[in-house]
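# Structural overview for review
This is what each chain is made of:
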Amino acid sequence: MEGKVALVLGVANRWSIGHAIAKAFVREGAEVILTYQGDRQKQTVEELASEIKARQVLPCDVTEDAQVDALASMLANELKSRDTALNAVVHSIAFANREDLSRPFVETSRAGFALAQDVSAYSLVAVARATAPLMAAPGHDGAPGGGSIMTLTYLGSTRVVENYNVMGVAKASLEASVRYLAAGLGPSNIRVNAISAGAVKTTSARGIRDFSKMLEGGAKLAPLRRATDPVEVADTAVFLASDLGRGVTGNIIYVDAGMQIMGFALTE
Ligand code: NAD
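Bear in mind the structure is a predicted one, so any value in this text is a computation, not a measurement.

Close to the ligand lie 27 residues, the nearest being Ser16, Gln37, Val200, Thr202 and Ser204. With respect to the ligand, the backbone of valine 200 contributes an N or O atom lying 2.7 Å from an oxygen atom. If the ligand stood free it would expose 830 Å²; the protein chains cover 93% of that surface. Looking at side-chain class alone, the shell around the ligand contains 14 nonpolar, 11 polar and two charged residues.

Locating asparagine 165 in the fold gives a position in helix H5 (residues 165-185). A polar atom in the side chain of asparagine 165 sits 2.7 Å from the backbone oxygen of arginine 103.

This next bit is on the packing of aromatic side chains. Both the distance between ring centres and the angle between the ring planes are used here to describe each pair of aromatic rings. On inspection of all chains with the given rule, the structure shows one aromatic pair. Ring plane angle 65° and centroid distance 4.8 Å describe the contact between tyrosine 154 and tyrosine 164, whose orientation is recorded as edge-to-face. Remark: tyrosine 164 occurs in the loop between strand E5 (147-153) and H5 and tyrosine 154 occurs in the loop between E5 and H5; sequence separation between them is 10 residues.

Turning to unusual backbone geometry, a few remarks are in order. Glycine aside, residues mostly have negative phi, and peptide bonds are mostly found in the trans state. With a phi angle near 60°, aspartate 210 is a residue other than glycine that sits in the positive phi range. With respect to the helices, strands and loops of the structure, aspartate 210 is situated in the loop between strand E6 (190-197) and helix H6 (211-221). Judged by relative accessible area, aspartate 210 falls into the partly exposed class, the value being 38%. Of note in the backbone geometry, arginine 225 takes a positive phi value of approximately 55° without being a glycine. Arginine 225 gets classed as exposed once you look at its relative accessible area, which sits at 57%.

The rules behind these values
Residues numbered from 1 in each chain as written. Predicted model: local features only at pLDDT ≥ 70, side-chain atom pairs only at ≥ 80, totals over all residues. Heavy atoms only, no water. Near = heavy atom within 4 Å. Polar contact = N/O pair within 3.5 Å; in protein donor to acceptor, adjacent residues only side chain to side chain. Areas by Shrake-Rupley, 256 points an atom, 1.4 Å probe, with all protein chains shown as cover. Nonpolar A, V, L, I, M, F, W, Y, C, P; charged D, E, K, R; others polar. Helix = DSSP H or I, 4+ residues; strand = E, 2+ residues; numbered from the N terminus. Phe/Tyr/Trp six-rings, centres within 6.5 Å; stacked < 30°, edge-to-face > 60°. Buried < 20%, exposed > 50% of the residue type's maximum accessible area, 1.4 Å probe, protein only.

If you want it as structure tokens, here you go:
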């Protein structure tokens, strides 16, 4: 990823999947720009950024159109001053009310449903619209231009995972958005994909009732008989962001120790 510039949204702390991805991008030679959700996160994200040698930290709450637009114009100025373009965007953001991740799905409120969709699915569309123009146009010299946009999803989009509830529905919407965005942005050589990660212990995950049981159960059932390491999710993000992934778009890539192929298992 030498010479590439990547924007990573969704680092809250060192356990965030976005943090593992940002670290891997820097390891592979990319320049990384991080965002933080609000003032409460600013200091932590700035400390992490200096630890991993990220180039810049900018604010962005994805539920605010003005903040998404402001992020895009700050990035545009920065990229223009250095005569470069954006190559990769990682959307590693989700949110649902805690009560919607513990009570029966049928109890989901209209507001809780809309909130999960807004933060966890629509925001990818908003971020893609704001950042796609910052990627290079195809060059007269035959340079393909474009770039790579990716998001993080979970198996609960297509299978029922107890307590994942409204987030599963938001992930289904997110995955469909990946396909529509990939179709729309493909002619500009902008690829859009999702990585479906296995369960990883993060702040968001801890909001799901009985998450530790999900983690343990998955590690026993998955073909590789272990939990997912965020570093292996990050390595797949490197593949998608780099030229190695140049033929891949509109895909949901599972990095979950094989969990998604399993149906029914006989346990002792
Ligand atoms: P995390 O809590 O570390 O990250 C979630 C991020 O979303 C945080 O940085 C938070 O600030 C950000 N966010 C929430 N609302 C926001 C808003 N309005 N504006 C801007 N940012 C906002 O947890 P994580 O597990 O690293 O989650 C990252 C992504 O990975 C999510 O999409 C999650 O659904 C997905 N994922 C997680 C797992 C898992 O088991 N942890 C598995 C598969 C997919």
